[in-house]
2 protein chains.
Amino acid sequence: MALPPKTARKAVDAKDMAGGDAAGEPATLGEAAYQRLRADIVAGVLEAGKPLRLEALRQRYGLSFSPLREALMRLQSERLVLSTALRGFSVAPLSREEIRDATETRILIECEALRRSMRVGDDDWEAGIVAAFHALGRQVERMARNSGTADPADVAALEERHRQFHHALIAHCGSPRLLDMADQLYIETQRYRLPSLVGQVAGTPPRDVTAEHQQIMDAALRRSDDAAGHLAEHYRRTAAAIEAAMAGSPPA
Amino acid sequence: MALPPKTARKAVDAKDMAGGDAAGEPATLGEAAYQRLRADIVAGVLEAGKPLRLEALRQRYGLSFSPLREALMRLQSERLVLSTALRGFSVAPLSREEIRDATETRILIECEALRRSMRVGDDDWEAGIVAAFHALGRQVERMARNSGTADPADVAALEERHRQFHHALIAHCGSPRLLDMADQLYIETQRYRLPSLVGQVAGTPPRDVTAEHQQIMDAALRRSDDAAGHLAEHYRRTAAAIEAAMAGSPPA
DNA sequence: CAACCAAGAATTTTCGAAAGAATGGCACTC
DNA sequence: GAGTGCCATTCTTTCGAAAATTCTTGGTTG
């Protein structure tokens, strides 16, 4: 399955695609700052709880205050950054309560969105899910072959495929708000998920994530009422694994 | 309108109220810009769909670009403002699809939050609801006496009491995310609600909003499963009234 | 007459400096 | 010796101008 066919654009000028694109080249420095800051927070490069000094960020990213502030403001409303009135910003801390709240909220939002998608989803919806599942599976295979590999590119690809799969499930829910909230909660939980992705957590019941995905997908395609339940179960297991990992090595 | 005199900004001395307060004195100009812009958008002073030129805003509010951009960025993630990469900002348009999505999303969030509050709510929770209901009722009475009054102060007070009542219902849900989302959706729907608050909409079935509130409150205090249903019904009726009003006088 | 291009105008975005507040340390009082 | 007020330092916040980009207009061509 190929991504939507890239309509042959005038290759001459890449700058005519002016819209604030999500993944492509950031059109403004503010957008770039937002993307880089977000990535660094999610990856843990900027440690949870630590203050974000503007001067330090200015040097780190080679930007001026304005775009940085803009980005931080945005990240604040996405719960990745905290700020106090005249005391600046800091990386939002990680905690057990937060992962629980984020998980349960995500379940509420995505289960509803899944039910709605199942109600109205057409062939394209189904095809999108199957395609995403397949691509995710291939990436898992690839990484399983060179097992032990922690190639960051592979991890990033895995995350992206994973995101696309879960997005495909709810893509046809018809509510821009639910989709936005799901996207946002995905990012938030990614912060917690990433660390546990790299190192396998000991002491947790062995888990076949692919099987869980398959179960969700099958139920969804069958339009079975079980689909939402499986999805919730999937997220709760992930949360449990993360909590176990956090108990094992509480971050400094 | 005179240029803003360079009044020395007052330092908020009470260090216990250090956080970026919601209602009180805005600690920074950015916060002030956010509050004023938001109020003007919700009130319709800044018309839906119209572009927000920075130079115009600069003059209108007597501020510089930085705090304005900051505020606009924030409003963008709250769906009150749209922005395109190098083409600036505009007030988010009003539409039937939006009011529907906002209403249904609000029902999803608040019903869940209400159920959770009912599960764990204690005497304080109950007292908060009763108090808010009472205060709301008094305000309604007062305005009914001087009927026909469109005193903006009264309308503002009514809105605030109304907000507090609905907030009290879900206050003990235990999820910061649900509360935030509810707050945000309240603001979004307020944009639609306010116009229909001033002029009574003709052609809609007569409505006793106070009775609806009472019904919700009673069911909630009884911990009845009906509470969420009543709440949903309440919101759907409001949405229907708004849609009727929009059909009657589609905004220019 | 429609499409196209270029120059000018309007607007957004970015910068670096200056002003405003918080933090921490130090002397001073009680 | 503890509390208190003041000062220097550090940091955030704000400004206004400069740079970058889009939009508009008028003229030109096919």
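Cut-off values and rules
Residues numbered from 1 in each chain as written. Chains lettered and ligands numbered in written order. Predicted model: local features only at pLDDT ≥ 70, side-chain atom pairs only at ≥ 80, totals over all residues. Heavy atoms only, no water. Least-squares fit on C-alpha atoms with pLDDT ≥ 70 in both. Contact = heavy atoms within 4.5 Å. Helix = DSSP H or I, 4+ residues; strand = E, 2+ residues; numbered from the N terminus. Expected span 1.5 Å × (residues − 1). Buried < 20%, exposed > 50% of the residue type's maximum accessible area, 1.4 Å probe, protein only. Polar contact = N/O pair within 3.5 Å; in protein donor to acceptor, adjacent residues only side chain to side chain. Pairing = 2+ DSSP bridges. Phe/Tyr/Trp six-rings, centres within 6.5 Å; stacked < 30°, edge-to-face > 60°. Lys NZ or Arg CZ within 6 Å of the ring centre and 35° of its normal. Core = buried A, V, L, I, M, F, W, Y, C linked by side-chain atoms within 4.5 Å.

**Some words on the relation of the copies chain A and chain B**
Move 1: When chain A is fitted to chain B, the residual RMSD is 0.1 Å, and the transformation amounts to a turn of 180° plus an axial shift of 0.0 Å. The transformation relating the two chain copies, once decomposed into turn and shift, fits a two-fold axis.
Move 2: Residue by residue, 100% of the interface of chain A is reproduced at the interface of chain B, so both copies engage with the same surface.

**Observations regarding helix H6 (residues 152-170) of chain B**
All names here are of chain B.
Move 1: The end-to-end C-alpha separation of H6 is 28 Å, in line with the 27 Å expected for 19 residues at 1.5 Å each.
Move 2: Those residues of H6 not exposed but buried are Asp154, Val155, Leu158, Glu159, His162, Phe165, His166, Ala168, Leu169 and Ile170.
Move 3: N-capping of H6 is provided by Asp151, with a side-chain oxygen placed 3.0 Å from the backbone N of Ala153.

**Focus: the pairing of strand S2 (residues 81-84) of chain A**
All names here are of chain A.
Move 1: Relative to strand S3 (residues 88-91), S2 runs antiparallel, the two being bridged by 4 bridges. The residue of S3 that forms the bridge with Leu82 is Ser90.
Move 2: The turn linking S2 back onto S3 is made up of 3 residues.

**A look at the packing of aromatic side chains**
Move 1: Per the counting criterion, the structure on display carries 2 aromatic pairs over all chains.
Move 2: Seen in terms of ring centroids, Phe133 of chain A and Phe165 of chain A are 5.9 Å apart; in terms of plane orientation they differ by 55°. Their pairing is tilted. Here Phe133 of chain A, found in helix H5 (residues 123-145), pairs with Phe165 of chain A, found in helix H6 (residues 152-170); they are 32 residues apart in sequence, far enough to count as distant. Across the pair, Phe165 of chain A and Phe133 of chain A agree in class, each one buried.
Move 3: For Arg106 of chain B, the ring lying beneath its charged end belongs to Tyr235 of chain B, and the centroid distance is 3.9 Å.

**Here's the deal with the nonpolar core**
Nonpolar side chains in soluble globular proteins tend to end up buried together.
Move 1: With 110 residues, the main nonpolar core has Leu37, Leu114 and Leu169 of chain A together with Leu37, Leu114 and Leu169 of chain B as its most contacted residues.
Move 2: When sequence neighbours within four positions are dropped, the list of residues in contact with Leu169 of chain B reads Leu114, Ser117, Trp125, Ile129, Ile216, Ala220 and Leu231 of chain B.

Interpretation in functional terms is not warranted from these geometric data alone.
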